[in-house]
Amino acid sequence: MNMKKYFKITILMLTVGLCFSCSDDDDSITTGSYIPKEVTISDWGTADKPATWGNEIVITGDGFSASTELYLRPAESNIDPDKGISLEIVDCNASSIKFLAPLAGGNSEYELLQVEGDLVYSLGTIYLKDEKFPSRLVGPVNNNEWGVSASYMDFKYERGKLMEIKEFSTSDQFGTSEGNCYTFIYDGDRISSLVKTQMGDLVVKTYTFEYKGNTVLVKSDDGSIRNMTLTLNNDGVMTGRTEEWEQSNPIFDEDTWEIIGEYTDYYKDVYAYTYDAQGNMSGYTVQNLMNGDQISDSYMRFQYDSKHTFLPHILPAWFWAITYTDVFNYMVGYTNNVVGYTVPGGGGPFARADEVTISYELEYDKDEYPTYIYTLNEMFDGSIEKFKLYDVVYN
């Protein structure tokens with residue numbers, strides 16, 4: 001073999017080998033692997049305190065600037081930063097940066113990447129809660145000789161806060177019709193009021209919330225005023241509630257039946273709540289008083305599944321406990337989903353029952369979030385019929 005030719009081939013092989021070697025060792029340019037950087041994660045975003053959508057995560061270190069860009073990519077993945085999740089930065093200086101936690105969407109561990117021009121730094125692992133948020137509930141769909149009709153509830157969020165729930169229905173015969181709209185107003189991170197409107201801007205009910213230590217003062221107004229006092233423990237869990245209102249009644253003349261005056265009755269309901277180990281409300285008792293005398297009492301006990309609740313903890317659990325009959329015809333669990341509740345028997349079709357249990361059946365996706373919620377109704381012949389309450393669509 002010609003020695004000059006052999007020497008050229010040898011040099012070429014060595015050069016190629018060196019190029020591959022440099023590419024493996026230089027983390028700043030290798031696809032999928034970036035320059036490690038020491039930082040500290042404050043409060044939310046650690047393994048012990050994973051962040052939920054909208055939480056502020058603070059990173060302290062060095063080398064941040066006005067041009068810094070932050071991205072998340074699933075841990076142990078090799079995707080480029082711009083194919084990951086771009087983060088909303090809310091504050092930045094040279095030694096710290098604050099950003100809002102995004103919606104995790106099925107993952108819980110992410111690598112945090114800092115982009116400075118052509119350089120990419122790996123800032124370690126950020127932990128997010130594995131959660132989903134409903135974007136729409138679809139009610140029963142009816143198909144008859146007039147066409148197809150269905151009802152919906154759409155959810156609007158902003159930075160992890162629930163801002164609006166809007167009801168509407170569609171039908172082949174009448175088109176789209178607006179229903180109730182619920183607008184959520186916040187003071188910082190706390191709910192300050194809930195406004196229920198119809199036909200666009202007609203206010204039909206409001207709730208206002210005032211916080212005083214472990215007490216929340218709530219006023220509901222739908223033409224008549226009801227005042228509630230919620231008692232919370234140190235973890236913010238509602239342990240008691242009193243609800244008070246008054247009702248004016250006319251006084252009639254016994255002969256002419258003309259109104260000659262009025263008197264006022266004063267009502268008060270006193271609730272006590274209990275919870276299971278997962279934080280779900282296991283039940284409550286209530287005493288009903290009129291003019292200081294107890295006139296009745298009642299209770300409710302709840303049963304739960306072991307899956308993810310369809311509505312995560314974007315509002316305190318007590319909020320849905322006092323408003324659910326206005327918003328959902330279904331009780332929202334804190335950690336898990338309600339699959340049944342038990343109440344005392346009474347008149348009507350349940351007159352012979354000491355207790356009555358209303359049951360639900362749920363179907364789930366692969367991440368164990370409910371996708372379908374059904375009510376199970378006992379018919380007069382003793383058979384059980386299943387009726388769809390909601391389809392749950394997630395964003």
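Our structure's up above, just so we're on the same page.
The model shown is predicted, which means the values in this text are computed figures rather than measured ones.

Caption draft 1: The sheet that holds strand S1 (residues 35-36), seen in detail. Spatially, S1-S9-S8-S4-S5 is the arrangement adopted by the five strands of the open sheet, whose pairing is mixed. The strands lining the two open edges of the sheet, one partner per strand, are S1 and strand S5 (85-86). Here strand S4 (residues 69-74) runs beside strand S8 (residues 109-116); their pairing, made up of six bridges, is antiparallel. Along S8, the bridge assignment pairs Arg73 with Glu111.

Caption draft 2: The side chain of Asp269, seen in detail. You can see Asp269 is positioned in strand S19 (residues 259-275). No salt bridge is formed by the buried Asp269, whose closest oppositely charged neighbour, Arg226, lies at an N-O distance of 4.8 Å. Polar side-chain contacts of Asp269 include one of 3.0 Å to the side chain of Asn288. Ignoring anything within four residues of it in the chain, the contact list for Asp269 reads Arg241, Thr242, Glu243, Trp245, Val286, Gln287, Asn288 and Leu289.

Caption draft 3: Geometry of the pattern of salt bridges. All chains considered together, the criterion is met by 17 salt bridges. A salt bridge links Asp43 to Lys49; its shortest N-O distance comes to 2.6 Å. With a relative accessible area of 46%, Asp43 lands in the partly exposed category. With a relative accessible area of 32%, Lys49 lands in the partly exposed category.

Caption draft 4: Summary view of the pairing of S4. Pairing of S4 with S5 involves two bridges; the strand directions are antiparallel. In the sheet register, Leu72 faces S5, and the bridge partner there is Ile85.

Caption draft 5: Here's a closer look at the environment of Asn336. On the secondary structure map, Asn336 appears in the loop between helix H2 (317-327) and strand S22 (338-344). With a relative accessible area of 7%, Asn336 lands in the buried category. Counting along the chain gives 29 residues from Asn336 to Lys307, while the straight-line C-alpha distance between them is 5.5 Å. Each residue touching Asn336, except ones within four places of it in the same chain, is listed here: Gln278, Asn280, Tyr304, Asp305, Ser306, Lys307 and Thr309. Of the polar contacts made by the side chain of Asn336, one reaches the backbone oxygen of Lys307; its length is 2.8 Å.

Caption draft 6: Representation of a nonpolar patch on the surface in the model. Taken together, Ile251, Ile260 and Tyr263 make up a surface patch of nonpolar side chains, about 280 Å² in accessible area. When you line up the elements, Ile260 lands in strand S19.

Caption draft 7: Layout of the nonpolar core. Core analysis: the biggest nonpolar cluster contains 54 residues, and Leu162, Ile165, Phe184, Trp318, Trp320, Phe328 and Tyr330 have the highest contact counts within it. Of the residues forming this core, the biggest block, six residues, is contributed by H2. Discounting residues that sit within four places of it in the chain, Trp320 has contacts with Leu162, Ile165, Phe184, Leu311, Leu315, Val327, Phe328 and Val332. Grouped together as the second largest cluster of nonpolar side chains are 18 residues, Ala51, Ile57, Phe99 and Leu128 included.

Caption draft 8: Structural detail: the packing of aromatic side chains. Evaluated as defined, the whole model comprises 22 aromatic pairs. When the ring of Trp53 is compared with that of Tyr157, the centres are 5.5 Å apart and the planes differ by 50°; the resulting orientation is tilted. Note that Trp53 is positioned in the loop between strand S2 (40-42) and strand S3 (56-60) and Tyr157 in strand S11 (residues 147-158), a separation of 104 residues in sequence. Measuring from ring centre to ring centre gives 6.5 Å for Tyr284 and Phe302, while their planes differ by 50°; the resulting arrangement is tilted. Of this pair, Tyr284 sits in strand S20 (residues 281-290) while Phe302 sits in strand S21 (residues 293-304), placing them 18 residues apart in sequence. Of the two residues examined, Tyr284 and Phe302, each falls in the buried class. Among the aromatic residues, ring-to-ring pairing joins Phe184, Tyr207, Phe209, Tyr211, Trp318, Phe319 and Trp320 into one connected group. Cation over ring: Lys37 sits above Phe64, and NZ or CZ is 4.8 Å from the ring centre. Over the aromatic face of Tyr186 sits the side chain of Lys161, whose NZ or CZ is 5.2 Å from the ring centroid.

Caption draft 9: Structural view of the side chain of Asn280. Position of Asn280 relative to the elements: it lies in the loop between S19 and S20. Looking at Asn280, its side chain comes within polar contact range of the side chain of Asn336, at 2.9 Å. Residues within four places of Asn280 in sequence aside, it is in contact with Thr274, Tyr275, Tyr304, Gly333, Tyr334, Thr335 and Asn336.

Caption draft 10: How the structure looks around the environment of Glu111. Checked against the element boundaries, Glu111 lands in strand S8. The buried category is assigned to Glu111, whose relative accessible area is 14%. On a C-alpha basis, the gap between Glu111 and Arg73 in space is 5.4 Å, while along the polypeptide they are 38 residues apart. Within the structure, the side chain of Glu111 is placed 2.7 Å from the side chain of Arg73, a separation counted as a polar contact. Among the polar contacts made by the side chain of Glu111, one reaches the side chain of Ser122 at a distance of 2.5 Å.

Caption draft 11: Local environment of the sheet that holds strand S6 (residues 89-93). One open sheet holds the four strands; their spatial order is S2-S3-S7-S6, and the pairing between them is antiparallel. Edge positions in the sheet fall to S2 and S6, since each has one partner strand and no second. Between one strand axis and the next, the sheet turns through 15° on average, direction left out of account. Bridge count for S6 against strand S7 (residues 96-100) is four bridges, and the pairing is antiparallel. Within S7, the position partnered with Ile89 by the bridge is Phe99.

Conventions we followed
Residues numbered from 1 in each chain as written. Predicted model: local features only at pLDDT ≥ 70, side-chain atom pairs only at ≥ 80, totals over all residues. Heavy atoms only, no water. Pairing = 2+ DSSP bridges. Helix = DSSP H or I, 4+ residues; strand = E, 2+ residues; numbered from the N terminus. Buried < 20%, exposed > 50% of the residue type's maximum accessible area, 1.4 Å probe, protein only. Lys, Arg positive; Asp, Glu negative; His and termini not counted. Salt bridge = Lys/Arg side-chain N within 4 Å of Asp/Glu carboxyl O. Polar contact = N/O pair within 3.5 Å; in protein donor to acceptor, adjacent residues only side chain to side chain. Contact = heavy atoms within 4.5 Å. Patch = residues over 30% accessible without salt bridge, like charges linked within 9 Å, V, L, I, M, F, W, Y side chains within 5 Å. Areas by Shrake-Rupley, 256 points an atom, 1.4 Å probe, with all protein chains shown as cover. Core = buried A, V, L, I, M, F, W, Y, C linked by side-chain atoms within 4.5 Å. Phe/Tyr/Trp six-rings, centres within 6.5 Å; stacked < 30°, edge-to-face > 60°. Lys NZ or Arg CZ within 6 Å of the ring centre and 35° of its normal. Axes fitted to C-alpha atoms, helices over the stretch in contact; angles between N-to-C directions.

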